[in-house]
Amino acid sequence: MSDLGPLVPRRRDMHPVPFDPDYKTSVTRSPRWPLLSMESTPSEETGPRFGHSLIGPLDNNLILNWSKDGTPAIGERILMHGRVMDEFGRPVPHTLVEIWQANAGGRYRHVKDTYFAPLDPNFGGCGRALTDEQGRYQFLTIRPGAYPWPNRANDWRPMHIHISVFGHSFGQRLITQMYFEGDPLIDRCPIAATIKERSQLDRLVAPLDMAMSRPLDFLAYKFDIVLRGRRQTMFENKLEGM
Amino acid sequence: MVQSLDTLVETASQTGGPYVHIGCIPTFAGLGAVYPEDLGLRAIEDGAKGEIITITGEVIDGTGWAFRDALLESWQADASGKFAGQEGADPLVNGFARFAADKETGLWTLRTVKPGKVKTRDGRLQAPHISLWIAARGINISLHTRIYFEDEDNSEDPLLNRIEQRNRVPTLMAKKTGAGEYRFDIHLQGASETVFLDI
Ligand SMILES: [Fe+3]
């Protein structure tokens with residue numbers, strides 16, 4: 001395995017704040033003391049790799065991957081697609097992308113979700129894909145509904161798809177959420193608002209992508225993901241005092 | 001004016017939310033039909049070289065409650081200090097595991113091999129450790145920490161030696177509770193708050 005260099009330090013100001021009173025659960029689940037910082041080591045610079053043998057033919061098709069008899073899931077058919085790259089714009093190929101979401105009515109297939117909206121018998125709500133050589137991925141799914149959640153008295157989550165990405169090293173691990181262009185609930189959402197840098201929140205909002213939409217079939221939304229990069233220089237010195 | 005940088009900024013994190021299990025361990029979440037099995041069920045396969053150990057623990061919030069919805073991932077070297085994919089690594093050590101707090105008790109369990117020492121990039125030996133990553137509702141950016149072992153020589157470990165408050169070092173130590181058995185609780189807040197890492 002070649003040495004690809006240390007991970008670029010995370011810019012914590014470009015991420016959500018861990019503690020935000022408007023998102024009540026974060027109050028008791030956010031560390032109070034500073035994180036311990038150190039240059040990455042092989043423990044963070046390596047990570048699990050997953051092969052194509054892992055992925056089943058319908059894993060990236062949420063419209064059909066829970067259907068028992070081929071009946072498609074109910075909802076507005078969409079293609080979610082994009083590229084995974086690093087901070088230097090390099091594609092991140094063959095990396096695992098996993099998604100999960102509510103159904104078209106805003107209900108998750110989960111014992112703890114007791115929202116009034118009905119379950120769709122043909123919709124499970126999870127999918128996975130490996131990026132290709134250029135770091136591209138695609139999912140065919142339905143647009144999830146907005147849903148209410150117990151936080152402040154009347155909070156609603158905007159339409160969103162949860163995304164988990166591995167990258168090529170354990171230190172690149174990322175979980176985020178994709179929102180949809182034009183959703184008025186984004187600006188009212190305390191979870192979206194944990195990101196204080198507006199440009200960073202804007203980057204979680206996927207634009208409608210008519211070029212990739214398929215006539216008479218599905219609309220497309222484009223969602224690119226940037227993972228931490230690796231610094232590569234000819235000058236790697238031992239740190240003073242270490 | 002100056003030239004503009006063409007580097008990108010990492011995509012912002014968001015919480016995994018209460019249903020992170022649907023996406024990451026769907027069989028555990030009750031969606032058993034979607035994949036043959038959940039990813040990362042085993043850190044090791046039968047026959048892995050080294051000392052086989054079981055680590056159990058809780059993830060405890062600021063009120064002292066061991067919450068039930070944590071998702072954890074671990075990544076580690078094999079007994080000789082090599083990571084899966086590296087030349088000479090034990091093919092029976094996957095190194096990666098994904099596990100969750102129990103829905104009833106909040107306890108999680110990791111069965112694995114005790115890792116060997118891994119060098120830093122400037123050649124110093126790190127004490128045996130397992131990297132740990134924690135996602136849950138209310139955690140806006142997932143937490144990184146490490147499991148070290150109280151029965152190993154940790155005196156030269158570069159990361160542990162960076163901890164100024166020496167009274168916090170034990171928060172990263174798995175406590176031996178029996179033959180091949182360890183306990184490692186993760187405290188998100190409080191006097192025994194676990195040391196979390198920005199690495
Ligand atoms: Fe959600």
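As shown above, the structure is provided for reference.
Here the structure is a predicted model, which is why all the values come from computation and not from measurement.

Caption draft 1: Spatial organisation of the overall build of chain A. In terms of helices and strands, chain A carries three helices and twelve strands. Computed over the C-alpha atoms, the radius of gyration of chain A is 19 Å, within 12% of the 18 Å expected from 2.2 N^0.38 for a compact globule of 242 residues. For chain A, the spread of C-alpha atoms along the three principal axes comes to 60 × 45 × 35 Å. With 242 residues in all, chain A has 55% of them scored as buried.

Caption draft 2: Quick peek at the overall build of chain B. Secondary structure assignment for chain B yields one helix and twelve strands. When the helices and strands of chain B are listed from N to C terminus, the series reads α-β-β-β-β-β-β-β-β-β-β-β-β. Radius of gyration (C-alpha) of chain B: 18 Å, near the 16 Å computed for a compact globule of 199 residues. Projecting the C-alpha coordinates of chain B onto the three principal axes gives extents of approximately 60 × 40 × 40 Å. Taking all 199 residues of chain B together, 58% fall into the buried category. The contacts of chain B with a sequence gap of at least 6 include a subset with a gap of at least 24, amounting to 65%. In the form shown here, chain B has an accessible surface area of approximately 7,900 Å², with 50% of it arising from carbon and sulfur atoms. Charge separation in chain B, taken as the distance between the mean sites of 20 positive and 28 negative side-chain charges, equals 3 Å.

Caption draft 3: Representation of the packing of aromatic side chains in the model. Summed over the entire model, instances satisfying the criterion amount to twelve aromatic pairs over all chains. The interplanar angle of 75 degrees and the centroid separation of 5.7 Å between the aromatic rings of A:Phe50 and B:Phe96 together place this pair among those described as edge-to-face. Linking A:Phe50 in the loop between helix 2 (42–45) and strand 2 (77–86) with B:Phe96 in strand 3 (residues 96–100), this pair reaches from one chain into another. Summarising the burial analysis for this pair, A:Phe50 and B:Phe96 share the class buried. Here the aromatic residues A:Phe50, A:Phe166 and B:Phe96 are joined through ring pairs into a cluster of three or more. The aromatic ring of B:Phe67 is capped on one face by A:Arg29, whose charged end is 3.6 Å from the ring centroid. Directly above the ring of B:Phe149 sits B:Lys114, whose terminal nitrogen or CZ lies 5.0 Å from the centroid.

Caption draft 4: Main features of the nonpolar core. All names here are of chain A. Counting 41 residues, the largest nonpolar core has Met80, Ile163, Met178, Phe223 and Ile225 as its most contacted members. Listing elements by their share of this core, those giving two or more residues are strand 2, strand 3 (96–100), strand 5 (136–142), strand 8 (160–165), strand 9 (174–180), strand 11 (219–222) and strand 12 (225–227). Not counting residues within four places of it along the chain, the set of residues in contact with phenylalanine 223 comprises Met80, His81, Gly82, Arg83, Tyr137, Ile163, Thr176, Gln177, Met178, Arg203, Leu204 and Ala206.

Caption draft 5: Molecular detail of the side chain of A:Glu45. Within the element layout of this structure, A:Glu45 appears in helix 2. A polar atom in the side chain of A:Glu45 sits 2.5 Å from the side chain of A:Ser40. Once residues lying within four places of it in the same chain are set aside, the contact partners of A:Glu45 are A:Gly5, A:Pro6, A:Leu7, A:Ser40, A:His168, A:Ser169, A:Arg230 and B:Arg121.

Caption draft 6: Fine view of the interface of chain A and chain B. With 87 residues of chain A at the contact, the number on the chain B side is 75 residues. Taken as a group, A:Arg29, A:Leu36 and A:Phe170 account for 13% of the area that chain A buries against chain B, more than any other trio of residues on that side. Here chain A and chain B share seven salt bridges between them. Summed over the shared surface of chain A and chain B, the number is 42 residue pairs in polar contact (both at pLDDT 80 or more). Split by residue class, the side of chain A that touches chain B holds 40 nonpolar, 25 polar and 22 charged. Across two bridges, strand 1 (residues 36–37) of chain A lies against strand 12 (residues 197–198) of chain B in parallel orientation.

Caption draft 7: Inspection of the environment of B:Glu10 at higher detail. Within the secondary structure, B:Glu10 is located in the segment before helix 1 (20–24). Judged by its relative accessible area of 3%, B:Glu10 falls in the buried class. Along the backbone, B:Glu10 and B:Leu132 are 122 residues apart, and their C-alpha atoms lie at a distance of 21 Å. Apart from the residues within four sequence positions on either side, B:Glu10 is in contact with A:Arg10, A:His15, A:Glu87, A:Leu174, A:Gln200, A:Arg203, A:Val226, A:Leu227 and A:Arg228. Polar contacts involving the side chain of B:Glu10 include one to the side chain of A:Arg10, which spans 2.8 Å.

Caption draft 8: Geometry of the pairing of strand 8 (residues 143–149) of chain B. All names here are of chain B. The buried count for strand 8 comes to seven of seven residues, which makes it a mostly enclosed element. Judged by which residues are buried, strand 8 turns out to be covered on both faces: Leu143, Thr145, Ile147 and Phe149 on one side and His144, Arg146 and Tyr148 on the other are all buried. Two strands pair when backbone bridges link them, and strand 7 (residues 130–135) and strand 8 are joined in this way by five bridges, in the antiparallel orientation. Within strand 8, the position partnered with tryptophan 133 by the bridge is histidine 144. When strand 8 meets strand 9 (residues 173–178), the two strands line up parallel, connected through two bridges. Looking at the pairing, phenylalanine 149 lines up with alanine 174 of strand 9.

Caption draft 9: Here's a closer look at the layout of surface pockets. Empty space within the largest pocket amounts to approximately 770 Å³. Residue lining of the largest pocket: 31 residues in total, with A:Lys112, A:Asp113, B:Pro18, B:Tyr19 and B:Arg137 positioned closest to the centre. Among the secondary structure elements, those contributing two or more residues to the lining of the largest pocket are helix 1 (25–29) and strand 6 (147–149) of chain A. In terms of residue class, the lining of the largest pocket is built from 16 nonpolar, seven polar and eight charged. A volume near 420 Å³ is recorded for the second largest pocket. Lining the second largest pocket are 21 residues, and of these A:Phe50, A:Leu54, B:Leu39, B:Gly40 and B:Asn94 lie nearest its centre.

Procedures and definitions
- Residues numbered from 1 in each chain as written.
- Chains lettered and ligands numbered in written order.
- Predicted model: local features only at pLDDT ≥ 70, side-chain atom pairs only at ≥ 80, totals over all residues.
- Heavy atoms only, no water.
- Helix = DSSP H or I, 4+ residues; strand = E, 2+ residues; numbered from the N terminus.
- Rg over C-alpha atoms; globule rule 2.2 N^0.38 Å.
- Buried < 20%, exposed > 50% of the residue type's maximum accessible area, 1.4 Å probe, protein only.
- Contact = heavy atoms within 4.5 Å.
- Areas by Shrake-Rupley, 256 points an atom, 1.4 Å probe, with all protein chains shown as cover.
- Lys, Arg positive; Asp, Glu negative; His and termini not counted.
- Charge placed at Lys NZ, Arg CZ, Asp CG, Glu CD.
- Phe/Tyr/Trp six-rings, centres within 6.5 Å; stacked < 30°, edge-to-face > 60°.
- Lys NZ or Arg CZ within 6 Å of the ring centre and 35° of its normal.
- Core = buried A, V, L, I, M, F, W, Y, C linked by side-chain atoms within 4.5 Å.
- Polar contact = N/O pair within 3.5 Å; in protein donor to acceptor, adjacent residues only side chain to side chain.
- Buried area = accessible area lost by both parts, 1.4 Å probe.
- Salt bridge = Lys/Arg side-chain N within 4 Å of Asp/Glu carboxyl O.
- Nonpolar A, V, L, I, M, F, W, Y, C, P; charged D, E, K, R; others polar.
- Pairing = 2+ DSSP bridges.
- 1 Å grid on protein atoms, 1.4 Å probe; cavity = no way out; pocket = protein on both sides within 12 Å on 5 of 7 lines; lining within 4 Å.
- Points joined across faces, edges and corners; volume = space filled by probe spheres on them.

It is worth stressing that arrangement in space is one thing and function is another; only the former is reported here.
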